[in-house]
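Architecture and fold: a report
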Amino acid sequence: MKQHVGWIAGTAAAVLVAAGAVTYAVADGDGDAGSTPSRDSADAGFARDMAVHHQQAVEMSFIVRDRTKDEEVRRLAYDIAQTQANQRGMMLGWLDLWKLPKVSSDAPMTWMGMGDMASGEDGALMPGMATNTEMKKLASLSGKQAEIFYLQLMTDHHKGGIHMAEGCVDKCTVDVEKGLAQGMVNGQESEIALMKDMLADRGAKPRP
């Protein structure tokens, strides 16, 4: 299992190294970025929504690192937090470059044609996001219980993130943003498989 976590760590490091180049590529007009995306485009919508989605993953990861001494879970949580914080910064940076707002009055997922599906109940604004109640529960647990709940929440979170990223791959027009979205799909699918194994090691399963 440690080999799998090490591979994830290597992938996270590669993402961090490439981040500056990708951001520069967008600023420099690489791909199809010659025409700036509009405020209601899929490119802008994905950047705004995924920035919010990623922020919660970062918060969950820092919570569990304070709630367990298990090095395997702590390492995975650190990798997820670093990768998603970096990607979040890239997406917010693109919005700045495009001179577009980082928030919108539109409902989350409107750019995917799903604006009427996000209830926002108890803080869960988008698919896979944990509720405020679940976040408080995670912060109240410790040891093995915290590890299991984190892995279950993050599995759900990744599934929702993959759905959104696939939407960008299909609808976004900026090449490097589509490439980042596809990278999210690939990376999070690998982490879901890893987390399933980690849950099994702890006598648990992903939530249905």
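Notes on the structure follow.

What counts as what
- Along each chain, residue indices are assigned from 1 in the same order as the chain's sequence is written.
- Confidence filtering applies because this is a predicted model: local features only for residues at pLDDT of at least 70, side-chain atom pairs given and counted only at 80 or more, and all residues used for totals across whole chains, interfaces and linings.
- Side-chain metrics rest on all non-hydrogen atoms present in the structure, leaving aside hydrogens and water.
- The way it works is that DSSP assigns letters per residue, a run of H or I at least four long becomes a helix, a run of E at least two long becomes a strand, and they are numbered from the N terminus.
- Contacts between residues were defined by any pair of non-hydrogen atoms, one from each residue, lying within 4.5 Å.
- Only the protein chains shown count as cover for residues, and all accessible areas are computed by the Shrake-Rupley method using a 1.4 Å probe.
- Two cysteine sulfur atoms form a disulfide, by the criterion used here, when they sit within 2.5 Å.
- Any residue under 20% of the maximum accessible area for its type is buried, any over 50% is exposed, and the rest in between are partly exposed; the area is computed with a 1.4 Å probe on protein chains only.
- The aromatic pairing rule takes the rings of Phe, Tyr and Trp, using the six-membered ring of Trp, and pairs them if the centres are within 6.5 Å, calling planes under 30 degrees apart stacked, those over 60 edge-to-face and the rest tilted.
- For this document, the term salt bridge refers to a Lys or Arg side-chain nitrogen within 4 Å of an Asp or Glu carboxyl oxygen.
- Residues belong to a common nonpolar core when they are buried Ala, Val, Leu, Ile, Met, Phe, Trp, Tyr or Cys residues joined through side-chain atoms within 4.5 Å.

1. A few points about the overall build of the protein
A tally of helices and strands in the protein yields six helices and zero strands. Walking the protein from its N terminus toward its C terminus, one meets helices and strands in the order α-α-α-α-α-α. Sequence separation of at least 24 residues holds for 78% of the intrachain contacts in the protein that already meet a minimum separation of 6. Carbon and sulfur atoms make up 53% of the accessible area of the protein, which amounts to about 9700 Å² in all.

2. What to know about the state of the cysteines
Tallied over the full model, the rule gives one disulfide. One disulfide bridge connects Cys 168 with Cys 172, the sulfur atoms lying 2.3 Å from each other. Residues Cys 168 and Cys 172 are joined through a disulfide that is left-handed, its torsion about the S-S bond being -120 degrees. Taken individually, Cys 168 and Cys 172 each receive the classification buried, so the pair is uniform in this respect.

3. Brief notes about the packing of aromatic side chains
In this structure the tally under the stated criterion is two aromatic pairs. Taking 5.7 Å as the distance between ring centres and 75 degrees as the angle between the ring planes, the aromatic pair formed by Phe 46 and Trp 111 counts as edge-to-face. Taken together, the residues Phe 46 in helix H2 (residues 42–65) and Trp 111 in the loop between helix H3 (71–97) and helix H4 (132–140) connect sequence positions 65 residues apart. Judged by its relative accessible area of 0%, Phe 46 falls in the buried class. Measuring from centroid to centroid gives 6.2 Å for Trp 94 and Trp 98, while their planes differ by 35 degrees, and the two rings are tilted. Looking at Trp 94, the relative accessible area reads 0%, which means it is buried. The buried category is assigned to Trp 98, whose relative accessible area is 6%.

4. Considering the pattern of salt bridges
Tallied over the entire structure, the rule returns seven salt bridges. As a salt-bridge pair, Glu 134 and Arg 207 come within 3.0 Å of each other at their nearest N and O atoms. With Glu 134 in helix H4 and Arg 207 in the segment after helix H6 (175–201), the pair connects residues that are 73 residues apart, well separated along the chain. Owing to a relative accessible area of 18%, Glu 134 belongs among the buried residues under this scheme. Residue Asp 156 is joined to Arg 207 by a salt bridge in which the shortest nitrogen-to-oxygen separation is 2.8 Å. Remark: Arg 207 occurs in the segment after H6 and Asp 156 occurs in helix H5 (residues 143–171); sequence separation between them is 51 residues. The buried category is assigned to Asp 156, whose relative accessible area is 19%. Residue classification places Arg 207 among the partly exposed positions, given a relative accessible area of 26%. Members of the salt-bridge network, linked through shared partners, are Asp 70, Glu 72, Glu 147 and Arg 202.

5. Some remarks on the side chain of Gln 56
Among the structural elements, Gln 56 can be located in helix H2. Sequence-distant contacts of Gln 56, that is, excluding residues within four places in its chain, are made with Met 129, Ala 130, Met 135 and His 157.

6. Let's talk about the side chain of His 53
With respect to the element layout, His 53 can be found in helix H2. Excluding residues that lie within four positions of it along the chain, His 53 makes contacts with Met 126, Pro 127, Gly 128, Met 129, His 157, Gly 160, Gly 161 and Met 164.

7. Looking at the nonpolar core
With 55 residues, the main nonpolar core has Phe 46, Met 60, Met 91 and Tyr 150 as its most contacted residues. The set of elements that each furnish at least two residues to this core consists of H2, H3, H4, H5 and H6. It is H5 that provides the largest number of residues to this core, a total of 11 residues. Those residues within four positions of Met 60 in sequence are excluded, and the remaining contacts are Ala 130, Met 135, Leu 138, Tyr 150, Leu 153, Met 154 and His 157.

Honestly, that's just the spatial picture; any functional story needs more than this.
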